[in-house]
Amino acid sequence: MASQRQLIWRKFTEHKLAVVSLVVIALVYLVGAFCEFVAPRTPDHYDSAYTMLAPQPLKFFYTDEGGATHFGMHVNGFSSQRDPDTLRRVFTLDESIRVPVGLFVKGQPYMMWGFIPADIHLIGPVDVSQPFYLLGSDRLGRDVLSRVIYGTRISTSIGLIGVAISLVLGVILGGISGYFGGWIDNFIQRIIEFIMSVPTIPLWMGLAAAIPVTWSPILVYLIITMIISLIGWTSLAREVRGRFMSWRNEPFVVAARLDGTSQMTIIGRHLVPGFVSHIIASVTLAIPAMIIAETSLSFLGIGLRPPVVSWGVLLQEAQNIRSLAEAPWLLTPGLLVIVTVLALNFLGDGLRDAADPYS
């Protein structure tokens, strides 16, 4: 007596990794949507007095002078001294310095989603002037955690927008190509083959050189998204074409055609729903591919550029031996890319199986 939705949900919950991945992806996109509120600081805030700081562990209990233990979120402060050999300032965590940390604290003012002024942060130091670097700082004294949180919005949204455009192009052009055949099929397939034959790295290097430096970061972001989408729709279009070519002469399609149903209605209501599970799997696999593409291109310097903050742009800080040896926390964006891509892949497997609960 279960409905189709209940069967799909029941089949999905049987895939434990997919359920866990759904929670992880939901948290990632929530952090990206509310990054201004979640981040302790704005991404461009810097303090030259605290450069290349190691992460400060968040602690929940402390002992007072009398030996009593109390509950209270805090991090330890830093003490600094000059290295006699290199004359560089070296920071070490000082257990005697306690920086109180609170939730929903006042901090640096920001514009939520670009138009709502606010100054409340999810977590941060009670005294905003105190050092608070849960994931350390970079060479300019910027908070790595805040920049990673802000980069989540760019890196994850570029995947959603790119996949949405690729999905529309792939399903429409692939469906038309497979259903009508003939010269229309030949024309669309030649376009697909031309796009697939273009080497991506030289193409991106040429585009990076062609994009004017005077363009705003938002415009560059839109251009990068459009280009990734226009390159990524070809594989889905070929898969849709193959399905349409195998189904266009099936009895239910012939019956709909004899009944006077229009061609686009046959495509949209009779053919496309037949492989929704395959489309879902392709989309969930395409999103991590888009994220990896943006991260890789930005890491190589031919994608997004500063002051835009994305995971790929942040990984540019870890391109030298000194960063890897002395500041491994700068590789945190790479770890987030791995976790997000794996979660999306597991989620896609679960959705693919759940979309066909009778299998």
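These lines cover the structure that appears in this document, whether it is placed above or below. Keep in mind the model is a prediction, meaning the values are calculated, not measured. (Residues numbered from 1 in each chain as written. Predicted model: local features only at pLDDT ≥ 70, side-chain atom pairs only at ≥ 80, totals over all residues. Heavy atoms only, no water.)

### Observations concerning the overall build of the chain
As a reminder, the rule being used: A helix here means a DSSP run of H or I that spans at least four residues, while a strand means a run of E at least two residues long, and both kinds are numbered starting from the N terminus. Pairs of residues are marked as contacts when any of their non-hydrogen atoms sit within 4.5 Å. All accessible-area figures derive from a Shrake-Rupley calculation using a 1.4 Å probe, and residue coverage is judged against the displayed protein chains alone. The convention is simple: Lys and Arg are positive, Asp and Glu are negative, and His and the chain ends are not counted. Here the site of a charge means NZ on Lys, CZ on Arg, CG on Asp, or CD on Glu.
Secondary structure assignment for the chain yields 14 helices and four strands. The principal-axis extents of the C-alpha atoms in the chain amount to approximately 90 × 55 × 40 Å. Of the contacts made within the chain by residues no fewer than 6 positions apart, 66% connect residues no fewer than 24 positions apart. Counting only carbon and sulfur atoms, one obtains 67% of the accessible surface of the chain, whose full area is about 19,100 Å². In the chain, 25 positive and 25 negative side-chain charges are present, and the distance between their average locations comes to 8 Å.

### Description of helix α4 (residues 144-180)
Worth spelling out the cut-off: Given the number of residues in a helix, its expected span is that number minus one, multiplied by 1.5 Å. Residues adjacent in sequence count toward polar contacts only when both atoms are side-chain atoms; beyond that, a polar contact is any pair of N or O atoms within 3.5 Å, and within protein one must be able to donate a hydrogen and the other to accept it.
Its 37 residues give α4 an end-to-end C-alpha distance of 53 Å, which sits within 8% of 54 Å, the value for a rise of 1.5 Å per residue. The N-terminus of α4 is capped by D143, whose side-chain oxygen sits 3.4 Å from the backbone nitrogen of L145. Positive backbone phi, approximately 65 degrees, marks G181, located one or two places after α4.

### Considerations on the environment of G159
The topology assignment puts G159 in helix α4. Put simply, G159 and I287 are 128 residues apart on the chain and 4.9 Å apart in space, counted from C-alpha to C-alpha. Residues in contact with G159, not counting those within four places in the same chain, are I287 and M290.

### Details of unusual backbone geometry
Comment: phi is negative for the bulk of residues other than glycine, and the bulk of peptide bonds are trans. Of note, the phi angle at F104 is positive, near 55 degrees, even though the residue is not glycine. By secondary structure assignment, the location of F104 is in strand β3 (residues 89-112). Located in the positive-phi region is W113, a residue other than glycine, with phi close to 55 degrees. The topology assignment puts W113 in the loop between β3 and β4 (116-125).

### Brief notes about the pattern of salt bridges
Threshold: What counts as a salt bridge is simple: a side-chain nitrogen of Lys or Arg found within 4 Å of a carboxyl oxygen of Asp or Glu. Burial classes follow relative accessibility: with a 1.4 Å probe on protein chains only, a residue under 20% of its type's maximum area counts as buried, one over 50% as exposed, and anything between as partly exposed.
What the rule picks out here adds up to six salt bridges. Between R190 and E193 there is a salt bridge, with its nearest N and O atoms 2.9 Å apart. One end of the pair, R190, and the other, E193, are both in helix α5 (residues 182-197), three residues apart, so they sit about a helical turn from each other. We classify R190 as partly exposed; its relative accessible area is 41%. Note on E193: relative accessible area 36%, which makes it partly exposed.

### Quick word on the packing of aromatic side chains
The following threshold applies: Aromatic pairing here means that ring centres of Phe, Tyr or Trp (its six-membered ring) are within 6.5 Å. Orientation follows from the plane angle: under 30 degrees is stacked, over 60 is edge-to-face, and everything else is tilted. Two conditions define a charge located above a ring, namely a distance within 6 Å from the ring centre to NZ of Lys or CZ of Arg, and an angle within 35 degrees of the ring normal.
Throughout the structure, instances matching the rule amount to seven aromatic pairs. Following the ring pairs from residue to residue traces out a cluster consisting of F60, F61 and F71. Between R41 and the ring centre of Y133, over which it is positioned, the NZ or CZ distance is 5.1 Å. The lysine or arginine in question, R98, covers the ring of Y62, its NZ or CZ lying 3.9 Å from the ring centre.

### Looking at the sheet that holds β4
Worth spelling out the cut-off: Only strands that DSSP links by at least two bridges are regarded as paired with each other. Comment: axis = line fitted to C-alpha atoms, over the contacting stretch for helices; angle = value between 0 and 180 degrees taken between N-to-C directions.
With antiparallel pairing, four strands are arranged side by side in an open sheet as β1-β2-β3-β4. The open sheet has two edge strands with one neighbour each: β1 (59-63) and β4. Adjacent strand axes in the sheet meet at a mean angle of 60 degrees, parallel and antiparallel pairs treated alike. By the bridge criterion, eight bridges tie β3 to β4 in an arrangement that is antiparallel. Bridge assignment links V105 to a residue of β4, and that residue is H121.

### Some remarks on the pairing of β3
With nine bridges joining them, strand β2 (residues 69-82) and β3 adopt antiparallel strand pairing. Across the sheet, the residue bridging to H74 is P100, located in β3. Between β3 and β4, which follow one another and run antiparallel, lie three residues, and W113 among them has a positive phi close to 55 degrees.

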